[in-house]
Amino acid sequence: MNQEALQTAPPAPLAHYRVLDLSQGVAGPYCTHLLSRQGAEVIKVDPPEGDWARHVGISRNGHSSLSATYNAGKRSIAVDARQAQGRALLLRLAREADIVVQNFRPQVVQRMGVDYDSLRAAGLDPVYVSISGYGPTGPYADRPATDSVMQADTGLMT
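I will try to describe carefully the structure that is included in this document. (Residues numbered from 1 in each chain as written. Predicted model: local features only at pLDDT ≥ 70, side-chain atom pairs only at ≥ 80, totals over all residues. Heavy atoms only, no water.)

1. Quick look at a nonpolar patch on the surface
Among the surface-exposed residues, Val 26, Tyr 30 and Leu 34 lie close enough to one another that they form a single nonpolar patch of about 250 Å² accessible area. Position of Val 26 relative to the elements: it lies in the loop between strand S1 (18-21) and helix H2 (27-37). Residue classification places Val 26 among the partly exposed residues on the basis of a relative accessible area of 36%. (Patch = residues over 30% accessible without salt bridge, like charges linked within 9 Å, V, L, I, M, F, W, Y side chains within 5 Å. Areas by Shrake-Rupley, 256 points an atom, 1.4 Å probe, with all protein chains shown as cover. Salt bridge = Lys/Arg side-chain N within 4 Å of Asp/Glu carboxyl O. Helix = DSSP H or I, 4+ residues; strand = E, 2+ residues; numbered from the N terminus. Buried < 20%, exposed > 50% of the residue type's maximum accessible area, 1.4 Å probe, protein only.)

2. What to know about the environment of Asp 98
Considering the arrangement of structural elements, one finds Asp 98 in the loop between helix H4 (84-95) and strand S6 (99-102). Considered as a pair, Asp 98 and Pro 47 are 51 residues apart in the sequence and their alpha carbons are 22 Å apart. Ignoring sequence-local partners within four residues, the contact set of Asp 98 consists of His 16, Tyr 17, Arg 18, Pro 126 and Val 127. A distance of 2.8 Å separates the side chain of Asp 98 from the backbone nitrogen of Arg 18, its partner in a polar contact. (Contact = heavy atoms within 4.5 Å. Polar contact = N/O pair within 3.5 Å; in protein donor to acceptor, adjacent residues only side chain to side chain.)

3. Examining the sheet that holds S1
The parallel open sheet is built from 5 strands, whose spatial order is S5-S2-S1-S6-S7. Both outer strands of the open sheet, strand S5 (75-78) and strand S7 (127-130), are each paired with one neighbouring strand and no more. Direction aside, the axes of adjacent strands within the sheet are offset by 15 degrees on average. The pairing of S1 with S6 spans 3 bridges and is classified as parallel. Bridge pairing links Val 19 to Ile 99 in S6. Its contacts with the sheet put H2 on S1, strand S2 (41-46) and S6, and the angle it makes with S1 is roughly 165 degrees. Along the sheet face, H4 touches S1, S2 and S5 and points at about 155 degrees away from the line of S1. (Pairing = 2+ DSSP bridges. Axes fitted to C-alpha atoms, helices over the stretch in contact; angles between N-to-C directions.)

4. As for the nonpolar core
Leu 20, Leu 22 and Leu 90 are the most contacted members of the largest nonpolar core, which totals 19 residues. Residue assignment for this core shows that the elements contributing at least two residues are S2, H4 and helix H5 (106-112). Those residues in contact with Leu 22 that sit more than four places away from it in its chain are Val 45, Leu 90, Val 100, Val 101, Gln 102, Phe 104 and Val 114. One finds Val 19, Ala 40, Val 42 and Val 101 within the second-largest nonpolar core, a separate group that totals 5 residues. (Core = buried A, V, L, I, M, F, W, Y, C linked by side-chain atoms within 4.5 Å.)

5. Comments concerning the packing of aromatic side chains
One pass over the structure, following the stated rule, counts 3 aromatic pairs. Aromatic side chains Tyr 134 and Tyr 140 sit 5.5 Å apart centroid to centroid with 80 degrees between the ring planes, which places their arrangement in the edge-to-face category. Tyr 140 gets classed as partly exposed once you look at its relative accessible area, which sits at 40%. (Phe/Tyr/Trp six-rings, centres within 6.5 Å; stacked < 30°, edge-to-face > 60°.)

6. What about H4?
With 12 residues, H4 should cover 16 Å at 1.5 Å per step; its first-to-last C-alpha distance of 17 Å lies within 8% of that length. Where the residues of H4 are buried, they touch S1, S2, S5, H5 and helix H6 (116-121). (Expected span 1.5 Å × (residues − 1).)

7. Re H2
Gly 28, Pro 29, Thr 32, His 33 and Ser 36 are the residues of H2 that are buried. Buried residues of H2, viewed axially, fall in a sector of 135 degrees; they line one side. Buried residues along H2 sit against S1, S2, helix H3 (65-70) and S6. A positive phi of about 105 degrees marks Gly 39, the residue just after H2. (Arc of directions from axis to C-beta.)

8. Things to note about the side chain of Asn 71
Inspection of the secondary structure assignment puts Asn 71 in the loop between H3 and S5. A relative accessible area of 17% means that Asn 71 is categorised as buried. Here the side chain of Asn 71 touches Lys 74 through a polar contact of 3.1 Å, side chain to side chain. Apart from residues lying up to four places away in sequence, Asn 71 is in contact with Pro 29, Lys 44 and Asp 51.

So, in structure tokens, the structure goes:
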């Protein structure tokens, strides 16, 4: 594509949206990666020790190929949501976001103060994406789930 064509190309479909990516692993980071590829500005929040996907497979310079791929093109920040200052920062970031994506168990996201009800109580109305293995209610709602766990639970591994 020549320079003139690049300058006259229409903006990407999500160019005017900001996404707060609180997720870890694969499902959430891949989801927000797709939004980023469509032009959204994505702010990836990691805990101080980093997203656990950084250590899936071989890691170099603190990233596995999985982590580097799904987080390419995102801005990032480390936040300790166990601390009051960290939770306040998450709320401030949520205020600036159009879309919030998280993939934590219900009690975890509630402790962080960025569950849907807490954001609504703070006067926010983002598009809220909650990715969980077992859903928000039911006997398994508070159990952690990854792809391999879900494959085992559903019998796909057989």
